[in-house]
Amino acid sequence: MPILYAIATFVMTLYGANLLWLAVMFVRNDRLKDGPVPPADAPPPVDRDGPAVTVQLPLYNEPVVCERLIDACAALDYPRSLLEIQVLDDSTDETTAIVARRVAHWQERGVDITLVHRADRGGYKAGALKNGLRLARGAFIAIFDADFIPAPDFLRRMLPHFDRPDVGMVQARWGHLNAGESLLTRIQAFGLDAHFALEQFVRNRAGYFMNFNGTAGIWRRACIEDGGDWESDTLAEDLDLSYRAQLKGWRFTFVGDIEVPAELPRDLDALRSQQFRWTKGATEAGRKLLGRLWRSGESRGVKVEGTFQLTAHFVFPCILAAALLHAPLLLLNHLGYDGPGPLYFAFLGFGLIGFFGFFLAQLFAQRALYPDWLRRVAFFPLFMAGSIGLALNNTRALALGLAGKRTPFVRTPKGGTTTHRLRISPWSLFEALLAAYSLAGLVAVTAYGEWAAVPFQAMFALGFGLVTAYNFRDLRRQRAPLGTTPRG
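Residues numbered from 1 in each chain as written. Predicted model: local features only at pLDDT ≥ 70, side-chain atom pairs only at ≥ 80, totals over all residues. Heavy atoms only, no water.

(A) Expanded view of the packing of aromatic side chains. Evaluation of the coordinates by the stated rule reveals 23 aromatic pairs. Ring geometry for W427 against F430: centres 5.4 Å apart, planes inclined by 40°, an arrangement best described as tilted. Residue classification places F430 among the partly exposed residues on the basis of a relative accessible area of 44%. What links up through ring pairs into an aromatic cluster is the set F190, F355, F359, F379, F380, F383 and F456. (Phe/Tyr/Trp six-rings, centres within 6.5 Å; stacked < 30°, edge-to-face > 60°. Buried < 20%, exposed > 50% of the residue type's maximum accessible area, 1.4 Å probe, protein only.)

Structural data, given as structure tokens:
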């Protein structure tokens, strides 16, 4: 038991130390400044002889948000003779009829927009993108998921970043349409801000591999084709193609000053399915690509940082192990049973380095993006608790990814809290048991005066308690008629 706990702590410290290094690199690049991201200069005019762009909109059962997305893309400020929009619809519900009407509406107004509907979801999103690419006429391919709303000047501001022939993809930063809607959306926004404002920025600036985030980016078509095209053997087709393309020598660019807002999942069911897909997909991509990465001629720094990115979700089983073992080990030590002594726990104090890395990553991201960053960073403990609460869900996803077990691509429900029938995970019972177990451990360590351990044990109890509370809330909503929201 002590050895397992030590391993879990070491792994979490290692990933936290990587974030600490990224935070230090962030400061060295003089990115740290008060206030929001400054406004960009006016986008350059588009030459009528410029490159043709195909905008791909992969959809699957998105009846609430599909029209909004299509309208935003039809309003893109780009010469119509150079702009093509593909609505790649794999829907099995009323979305297809809604999309068909909206496509016809814009076709009548001179927009080159087509509906590409597949009778099956072969290859899921990757299959839809690959099928659309076969029909596309653009030299550049912009991709937006259903819940994103690009600004009219998106293409004019992004395309100049393809300033060298080896630039294969340019990624914009995600914004949030509903970050302040609830505790759940605030937690998500907090984590995503650190990924974009710090991780993507530093990896790109330092010359390491970064990834296309599946949406709000533009690809050079030649890069997609040279990288091997979209493949559906992982649930992270974006991360997969990103690494395959960069291993072929293509360069990527992250543009943090260009924001594309999107909806954050509004309920735990949606967030759970999204996190499961991201974790399992990244694990599958790691199994597929880590060997290629280390056999490549890339620098050691690229290989090491790429390994951290492809295996980042390994922290979740370590969080779970720590949650299960933290209180028992302390109590055994306190009661004088054979086991780890004071030196063992002093050594584990190095884990604070990892915690410091996680904290600084969030701090610098918030300070780079928001003028009220000091108020926002006080939200960090709740963000950490929320991440802990998802440890069981994400550990299961990682285990399935490592085992190579295929699972379907489950889309993230969008468009409001009551537009889909909530599904309560059968794993909710185990999360409730973890909440009760962690709370009992908190009572015990407090009763025995293990004051240094109280904050960490409280974080475990709060994390699993939050998830359990949302599970009960979703259970109430599941029992309510669709389209209503119970009070309380």
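(B) Spatial organisation of the pairing of strand β2 (residues 83-89). In terms of burial, β2 is largely enclosed, as seven of its seven residues are buried. Burial along β2 is two-sided: the residues L83, I85, V87 and D89 and E84, Q86 and L88 are all buried. Sheet topology note: the strand β1 (residues 53-59)/β2 ladder contains seven bridges and is parallel. The partner of L57 across the bridge, within β2, is V87. For the crossover that starts at β1, traverses helix α2 (residues 66-74) and ends in the parallel β2, the hand is right-handed. Both β2 and strand β3 (residues 113-117) contribute to a ladder of five bridges, which runs parallel. Of the residues in β3, the one forming a bridge with I85 is I113. Between β2 and its parallel partner β3, the chain crosses via helix α3 (residues 95-107), and the hand of that crossover is right-handed. (Helix = DSSP H or I, 4+ residues; strand = E, 2+ residues; numbered from the N terminus. Pairing = 2+ DSSP bridges. Right-handed = clockwise from strand over helix to strand, strands pointing away.)

(C) Spotlight on helix α10 (residues 300-310). Within α10, burial applies to V302, K303, E305, G306, F308, Q309 and L310. Elements that come into contact with the buried residues of α10 comprise α1 (2-28), α6 (183-205), α8 (237-247) and α9 (268-295). (Contact = heavy atoms within 4.5 Å.)

(D) Highlighting the sheet that holds strand β5 (residues 167-176). Pairing within the open sheet is mixed, and its seven strands lie in the order β3-β2-β1-β4-β6-β5-β7. One side of each edge strand has no neighbouring strand; the edge strands of this open sheet are β3 and β7 (251-262). Ignoring strand direction, the axes of neighbouring strands in this sheet form an average angle of 20°. Sheet strands in contact with α6 are β5 and β7, and its direction is about 155° off that of β5. (Axes fitted to C-alpha atoms, helices over the stretch in contact; angles between N-to-C directions.)

(E) Quick peek at unusual backbone geometry. Positive phi values are uncommon outside glycine, yet A216 reaches one of about 60°. Locating A216 in the fold gives a position in the loop between α6 and β6 (217-220). On the accessibility criterion, A216 (0% relative accessible area) is buried. Positive phi outside glycine occurs at D229, with the angle close to 70°. As for its position among the elements, D229 is in the loop between α7 (221-226) and α8. Overall, D229 belongs to the buried group, its relative accessible area being 16%.

(F) Fine view of the pattern of salt bridges. Considering all chains together, one arrives at 26 salt bridges under this definition. Note that R156 and D77 form a salt bridge whose closest N and O atoms lie 2.7 Å from each other. Of this pair, R156 sits in helix α5 (residues 154-158) while D77 sits in the loop between α2 and β2; the two residues are 79 residues apart in sequence, bridging distant segments of the chain. On the accessibility criterion, R156 (17% relative accessible area) is buried. With relative accessibility at 38%, the residue D77 sits in the partly exposed group. A network of salt bridges, in which partner residues are shared, links E231, D233, D240, R244 and K288. (Salt bridge = Lys/Arg side-chain N within 4 Å of Asp/Glu carboxyl O.)

(G) Structural view of the nonpolar core. Core analysis: the largest hydrophobic core is formed by 82 residues, its most contacted members being V55, F154, L155 and W219. With sequence-adjacent residues up to four places away left out, V55 is seen in contact with C73, L76, L83, E84, I85, Q86, A142 and F144. Y5, I388, A391 and L466 belong to the second-largest nonpolar core, a separate cluster that totals 31 residues. (Core = buried A, V, L, I, M, F, W, Y, C linked by side-chain atoms within 4.5 Å.)

(H) Examining helix α15 (residues 380-389) more closely. α15 sits mainly inside the fold: eight of its ten residues count as buried. Of all the residues in α15, the buried ones are F380, F383, M384, A385, G386, S387, I388 and G389.

(I) Local environment of the side chain of R157. Tracing the backbone through its elements, the reader meets R157 in helix α5. Comment: no salt bridge for buried R157; closest opposite-charge side chain is D153, at 4.1 Å. Polar contacts involving the side chain of R157 include one to the main-chain carbonyl oxygen of D257, which spans 3.3 Å. (Lys, Arg positive; Asp, Glu negative; His and termini not counted. Polar contact = N/O pair within 3.5 Å; in protein donor to acceptor, adjacent residues only side chain to side chain.)

(J) Broad picture of the environment of C66. Assignment of secondary structure puts C66 in helix α2. C66 sits 30 residues away from T96 along the chain, and the two C-alpha atoms are 9.5 Å apart.

(K) Region of the structure containing the environment of N61. When you line up the elements, N61 lands in the loop between β1 and α2. Residue N61 is classed as buried on the basis of its relative accessible area, which comes to 13%. In this structure N61 touches S91, T92, D93, T95 and R411, once residues within four positions along its chain are discounted. There is a polar contact of 2.7 Å between the side chain of N61 and the backbone nitrogen of T92. From its side chain, N61 meets the backbone nitrogen of D93 in a polar contact 3.3 Å long.

Read these as spatial facts, not as claims about activity.
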